[in-house]
Amino acid sequence: MARPAPCRRAPSPPHGIAAPRATLAPVEPALYAPTPARPVRAKARRLDPDSEIQPHRHPWAQVAIAVAGVARITAQDATYLVPSWRAIWIPPGIEHAVTVVEAAELRTLYVHQPDGEAGPGVPRAQREAWRACRVLEVSPLLRELVLQMDIDADDAARPGADLARERRLGELALDELRRARPLPLGIALPRDRRLRALCRAVLDEPARHATLAGWAAAVGASERTVARRFRDELGTSFGAWRQQVLLGRAMTLAAQGLPMRLIAAELGYASASAFSAMVRRSVGTPPRQFFRSG
């Protein structure tokens, strides 16, 4: 098996609005590289809270699944919340970093992508949607397939029967990924350094301030400046952007088994009905249906 990567302490971010994190290197991805003969490979990793896997990329596609805990994966100009038993599809060549929100166990599927193709073996007309990151619901069948996949690295001995089983499980996993429902858990991130620091602080603790004025003061900017930069860079208001963050935070709390009324209070809503209305507007379904366990 690959040796655990050494960890080091990340430098403190500007303005002191986010705590330092322990940063980790990826665990030798090349030892799990998928090939035409082994098109789906699996890997497991446990991560402590407030740790972060350094930005990296692969020449193959990746499906990161939170078996336990909650992870946040930042790729390109967006961040994606991955609560327990949800997954994120990451196309080949996309740089990404993993931040652990709660102590997490991640299962990763590495998926071989033939030249010119995109997605888990989808028809040509559907490939464009798989050229970007997307959060997916994990079905009970996909959950069991992921748990049964071999997670040993390439230096382990491999009887032929094991490889045949791996391929059958992988084919079923790809079929389940093709059927998986996408979830609206992607949150756009700005390029401006100061605004990105503010966004990271909101992601870490979304209920710390109730107003844009409070968040602007945390980064030493005026409320008007922050509002204008949000519109210019992200094409949305701070309020609408923060609502998506609150939705992701609600999924984290729901995964812990908290009732809706406590989740609403934790996120600053005056009532459970007000919180339910926000969820319906955002995702088009009632909270209990949207937050149900994978």
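The preceding data block contains the structure.
No experiment lies behind these values; they were computed from the predicted model shown.

## Considering the nonpolar core
Then step 1. One finds I88, I263, F275, F290 and F291 to be the most contacted residues of the largest nonpolar core, which totals 38 residues.
Then step 2. Where this core is concerned, the elements lending two or more residues are strand 5 (61-75), strand 6 (78-82), strand 7 (86-90), strand 8 (96-111), helix 6 (238-255), helix 7 (260-266) and helix 8 (272-283).
Then step 3. Apart from the residues lying within four places of it in its own chain, the contact partners of F290 are R86, L183, P184, L185, L247, M251, V283 and T285.
Then step 4. Ranked by size, the runner-up nonpolar core spans 25 residues in total, among them A87, L136, L145 and M149.

## Digging into the packing of aromatic side chains
Then step 1. All chains considered together, the criterion is met by six aromatic pairs.
Then step 2. Measuring from centroid to centroid gives 5.1 Å for W89 and W130, while their planes differ by 85°, and the two rings are edge-to-face. Of the two residues, W89 is situated in strand 7 and W130 in the loop between strand 8 and strand 9 (134-137); the sequence distance between them amounts to 41 residues. Considered together, W89 and W130 belong to a single accessibility category, that of buried residues.
Then step 3. When the ring of F230 is compared with that of F238, the centres are 5.2 Å apart and the planes differ by 85°; the resulting orientation is edge-to-face.
Then step 4. The buried category is assigned to F230, whose relative accessible area is 0%.
Then step 5. Members of the aromatic cluster, connected to one another through ring pairs, are F230, F238 and W241.
Then step 6. Over the ring of W130 we find R134; its NZ or CZ atom is 4.4 Å from the centre of that ring.
Then step 7. The lysine or arginine in question, R143, covers the ring of W85, its NZ or CZ lying 5.0 Å from the ring centre.

## Remarks on helix 6
Then step 1. Over its 18 residues, helix 6 extends 26 Å from the first C-alpha to the last, a length consistent with the 26 Å expected when each residue adds 1.5 Å.
Then step 2. The first or second residue beyond helix 6 is G257, which carries a positive phi of 90°.

## Regarding the pairing of strand 8
Then step 1. Among the 16 residues of strand 8, 13 are classified as buried, and the element is accordingly described as predominantly covered.
Then step 2. By the bridge criterion, eight bridges tie strand 3 (residues 40-47) to strand 8 in an arrangement that is antiparallel. Bridged to R46 within strand 8 is E105.
Then step 3. Where strand 4 (residues 51-56) and strand 8 come together, three bridges link them in antiparallel fashion. Opposite H56, over in strand 8, you have H96 as the bridge partner.
Then step 4. Of the pairings in the sheet, the one linking strand 5 to strand 8 comprises 13 bridges and is antiparallel in character. By the bridge assignment for strand 8, A75 is matched with H96.

Rules of the game
Starting afresh in each chain, residues are numbered from 1 along the sequence in its written order. For a predicted model such as this one, the threshold for reporting local features is a pLDDT of at least 70, and the threshold for listing and counting side-chain atom pairs is 80 or more; totals across whole chains, interfaces and linings nevertheless cover every residue. In computing side-chain properties, one takes all heavy atoms of the structure into account and sets aside hydrogens as well as water. Put simply, buried Ala, Val, Leu, Ile, Met, Phe, Trp, Tyr and Cys residues joined by side-chain atoms within 4.5 Å make one nonpolar core. Only protein chains enter the accessibility calculation, which uses a 1.4 Å probe; a residue is then buried when its area is under 20% of its type maximum, exposed when over 50%, and partly exposed in between. Numbered from the N terminus, helices here are DSSP runs of H or I no shorter than four residues, and strands are runs of E no shorter than two. Contacts are assigned to residue pairs that have any heavy atoms within 4.5 Å of one another. Note on ring pairs: Phe, Tyr and Trp rings are taken, using the six-membered ring of Trp, and paired if centres are within 6.5 Å. Classes follow the plane angle, with under 30 degrees stacked, over 60 edge-to-face and the rest tilted. Lysine NZ or arginine CZ positioned within 6 Å of the ring centre and within 35 degrees of the ring normal marks a charge as sitting over the ring. For a helix, the expected span equals 1.5 Å multiplied by the number of residues minus one. Should DSSP find at least two bridges between two strands, the strands are taken to pair.

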